[in-house]
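Listed below are the residues making up each chain.
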Amino acid sequence: MLNETTLGKFKANLRGELIQRSDERYEEARKLYNGMIDKRPLLIARCVDVADVITAVNFGRDLDLLIAIRGGGHNGPGLGSCDDGLVIDLSMMKSVRVDPATRRVRVDPGCTSGDVDHATHAFGLAVPFGIVSTTGVAGLTLGGGTGYLTRKYGLTIDNLLEADVVLADGGFVTASQSLHPDLFWALRGGGGNFGVVTSFLFQAHPVSTVYAGPIFWEATHAKDVMRAYRDFLQTAPEDLGAFVGLKTVPSMDPFPKDYWGRRACAVISSYSGPVEEGEKLMAGLLKSVPAPIFNWMGAMPFPAMQALFDPFFPKGLQWYWKGDFVKSLPDEAIDTHIAQAAKAPSELSLMHLYPIDGAVRRVPKDATAWNAREATWSMVITGISSDPKQADALKTWGREYWKSVHSFNLEGAYVNFMMDDEAEGRVQATYGDNFKRLASVKAKYDPRNLFRVNQNIPPTAS
Ligand SMILES: Cc1cc2nc3c(=O)[nH]c(=O)nc-3n(C[C@H](O)[C@H](O)[C@H](O)COP(=O)(O)OP(=O)(O)OC[C@H]3O[C@@H](n4cnc5c(N)ncnc54)[C@H](O)[C@@H]3O)c2cc1C
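A quick note: this is a predicted structure, and the numbers were derived from the prediction, not measured.

## A few points about the overall build of the chain
Helix and strand counts for the chain come out as 14 helices and 19 strands. For 462 residues, the compact-globule formula gives about 23 Å, and the C-alpha radius of gyration of the chain, at 22 Å, lands near that figure. Here the chain holds 462 residues, and 59% of them are scored as buried. For the chain, the accessible surface area stands at approximately 18,000 Å², while carbon and sulfur atoms represent 52% of it. One finds the centroid of the 48 positive side-chain charges in the chain at a distance of 1 Å from the centroid of its 52 negative side-chain charges.

## Description of the pattern of salt bridges
Enumeration over the complete set of coordinates arrives at 29 salt bridges. Salt-bridge contacts for D115 lead to K94; the nearest nitrogen and oxygen are separated by 2.5 Å. Residue D115 is located in helix α4 (residues 113–121), and its partner K94 is located in the loop between β4 (86–89) and β5 (96–99); the two are separated by 21 residues in the primary sequence. Residue D115 is classed as partly exposed on the basis of its relative accessible area of 25%. Using a relative accessible area of 39% as the deciding quantity, one classes K94 as partly exposed. Between D231 and R230 there is a salt bridge, and its shortest N-O distance comes to 3.0 Å. Taking the relative accessible area as the measure of exposure, D231 reaches 41% and is therefore partly exposed. Connected via shared salt-bridge partners are E17, D23, R25, R46 and D89.

## What to know about the packing of helix α8 (residues 222–235) against helix α11 (residues 331–341)
α11 packs onto α8 with a crossing angle of 135 degrees between their chain directions and a minimal axis gap of 10 Å. By the angle between their axes, α8 is oblique relative to α11. Pair α8 / α11 crosses with right-handed handedness. Along the contact surface, α8 presents A222, K223, M226, R227 and R230, while α11 presents D331, I334, D335, H337 and I338. By residue class, the composition of the contact of α8 with α11 is four nonpolar, one polar and five charged.

## A short note on the environment of D84
Its location among the elements puts D84 in the loop between β3 (67–70) and β4. Residue classification places D84 among the partly exposed positions, given a relative accessible area of 47%. Put simply, D84 and H352 are 268 residues apart on the chain and 35 Å apart in space, counted from C-alpha to C-alpha. In this view, D84 contacts R21, R40, P41 and L42; residues no more than four positions away in its chain are not counted. Within polar-contact distance, the side chain of D84 engages the side chain of R21 at 2.6 Å.

## Concerning the sheet that holds strand β10 (residues 196–203)
Sheet strands pair by backbone hydrogen bonding; their relative direction is either parallel or antiparallel. Read from one edge of the open sheet, five strands run β5-β6-β10-β8-β9, paired in antiparallel fashion. Here the strands that pair on one side only, and so sit at the sheet edges, are β5 and β9 (172–176). The mean angle between the axes of side-by-side strands here comes to 15 degrees, regardless of whether they run parallel or antiparallel. Two elements, strand β8 (residues 160–166) and β10, share six bridges in a ladder whose sense is antiparallel. Residue pairing across strands places V166 opposite V196, the latter belonging to β10. Along the sheet, α4 makes contact with β5 and β6 (104–107), crossing β5 at roughly 35 degrees.

## Description of the site of the ligand
Residues in contact with the ligand amount to 34 residues; listed here are only the nearest, G71, G73, I131, T146 and Y414. Note that an oxygen atom of the ligand is positioned 3.1 Å from one of the backbone N or O atoms of I69. One of the backbone nitrogen or oxygen atoms of H74 is found 3.0 Å away from an oxygen atom of the ligand. Look at the ligand: alone it shows 950 Å² of surface, and the protein chains cover 98% of it. Contributing elements (two or more residues each) for the shell around the ligand: β3, α5 (137–143), β10 and β17 (318–326). Broken down by element, the residue count for the shell around the ligand peaks at four residues, all from α5. For the shell around the ligand, the residue count by class is 17 nonpolar, 16 polar and one charged.

## Focus on the side chain of S269
For S269, the position within the fold is in strand β14 (residues 263–271). Judged by relative accessible area, S269 falls into the buried class, the value being 0%. The contact partners of S269, leaving out residues within four places of it in the chain, are Y148, Y211, A212, G213, L240, G241, A242, M282, M297 and M305.

## Things to note about unusual backbone geometry
Here the residue pair D253 and P254 is connected by a cis peptide bond, since its omega of 5 degrees sits within 30 degrees of zero. For P254, the location among the structural elements is in the loop between β13 (240–248) and β14. Phi at H180 takes a positive value of approximately 45 degrees, unusual for a residue other than glycine. By the element assignment, H180 lies in the loop between β9 and α7 (181–187). With relative accessibility at 34%, the residue H180 sits in the partly exposed group. One non-glycine residue with positive phi stands out, namely N449, at about 55 degrees. Counting through the fold element by element, N449 comes out in the segment after α14 (435–445).

## A word on the sheet that holds strand β1 (residues 17–20)
Strands sit in the order β1-β2-β4-β3 across an open sheet of four strands; the sheet is mixed. If you trace the sheet from one side to the other, it starts and ends with β1 and β3, each paired once. Going from strand to strand, the sheet's axes swing by 20 degrees on average, the running direction of each strand aside. In the sheet, β3 pairs with β4 via four bridges, with the strands oriented parallel. Note that in β4 the partner of I67 across the bridge is L86. Against the sheet, helix α1 (residues 4–13) touches β1, β2 (43–46) and β4, its axis set at about 145 degrees to β1. Sitting on the sheet, helix α3 (residues 50–62) is in contact with β2, β3 and β4, with an inclination near 170 degrees to β4.

Procedures and definitions
Residues numbered from 1 in each chain as written. Predicted model: local features only at pLDDT ≥ 70, side-chain atom pairs only at ≥ 80, totals over all residues. Heavy atoms only, no water. Helix = DSSP H or I, 4+ residues; strand = E, 2+ residues; numbered from the N terminus. Rg over C-alpha atoms; globule rule 2.2 N^0.38 Å. Buried < 20%, exposed > 50% of the residue type's maximum accessible area, 1.4 Å probe, protein only. Areas by Shrake-Rupley, 256 points an atom, 1.4 Å probe, with all protein chains shown as cover. Lys, Arg positive; Asp, Glu negative; His and termini not counted. Charge placed at Lys NZ, Arg CZ, Asp CG, Glu CD. Salt bridge = Lys/Arg side-chain N within 4 Å of Asp/Glu carboxyl O. Axes fitted to C-alpha atoms, helices over the stretch in contact; angles between N-to-C directions. Parallel < 35°, antiparallel > 145°, perpendicular 65-115°, else oblique. Left-handed = near helix turned anticlockwise from the far one by under 90°. Contact = heavy atoms within 4.5 Å. Nonpolar A, V, L, I, M, F, W, Y, C, P; charged D, E, K, R; others polar. Polar contact = N/O pair within 3.5 Å; in protein donor to acceptor, adjacent residues only side chain to side chain. Pairing = 2+ DSSP bridges. Near = heavy atom within 4 Å.

Functional significance is not addressed by these values, which are geometric in nature.
In structure tokens:
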């Protein structure tokens, strides 16, 4: 029973804030990154430490409340929140500790990747995360994590050494290769299904100055560029992280005015070896394709590259996501992409293909829950707009685009690029051979599916 006494007791046991619907801060506190999602939780517990998280899990479970776990709040379908339930909000837990001797980094669950980049860069180090610095480390990591360093150092989960977890029964464990290895296996790709992670330990790598930035071509050259990129990537050194995208030239400075609002093809890269080598490498690609509209690659600190897109994507835009894993990119698929991308309903809407080859392939398929190690790219089609009136158009475009290219792709998709309106069986297809094992780990650690606001893996005892 949720009455004043129960609530008062809960509040008194928290070091962090408890925000209710009647509170002034409620409207701001419930907002998610994706403005398309409008969830109204009953309570938001802003935890500041592990004890708060244990208190919140026990409270939510004992009162039979729906529980959502919120890290960075970036998730497409808004799985960091819920209607009429309890949000365990970790955004106040933001400490990062770098050990330069071991190159290990201890990260709190409320950190964004920018928080970690900031801390590690001071030591000339980086952990592989995604390409927008405001994204939460927690959700990104638990789903897998792809970015510029993936080809060289693997997925984010391939660099996870240990995680502290508050379980559904309120218990606390550390999961690693030697401690609760079944849980550690499931956490690496299985999302927020298994408990609340209160601390991550990552292996960082020496990455400091990179040769990086975007190159844009007119859409009329997209076929040549996509084919050349596809072939070039096969032999490109793993120091190069480079994704290809179908986008629009933003209608703002410093983009060349003549091209504002025109559809384009882009290759966006970061080379983490010596700058001169990166220049030489990219010159090879550039030689094989028509001249770009602009080439803004140059030497920069890695965190600057990680934050390059942040200004285009402030909190509150409308986002509709569709994804697929992609094994190969035949010419016919490229043609279909170009035709569909040309129908984008807004300037920000895009399609990206992120490479997941290189080091990702050196980890066996059953070594972590992440099952798509034979894929070559993770594709994302994202309808984005600042105008809520465009929500339906973004969805229609995304679904139509996805339908027309899906037959070229693998069955599953990156869980962090899915909405929650996917066809039944899509999560299972994503985890493939690992699904059964995930369901049995879920049955061991969360038999009553307390943590179900996620791309859910229902518990099934094996
Ligand atoms: C602009 C943008 C760019 C992106 N770029 C990339 C990219 O380059 N690479 C990439 O891999 N992904 C990328 N993503 C996708 C991103 O990985 C997901 O949106 C991810 O869910 C974000 O994590 P979060 O902590 O911010 O999310 P939240 O919304 O807070 O949570 C997402 C999910 O994770 C669970 N969760 C969160 N914290 C915890 C925790 N501590 N313990 C247990 N479960 C938890 C939640 O229950 C929820 O199911 C991008 C997203 C956006 C919006």
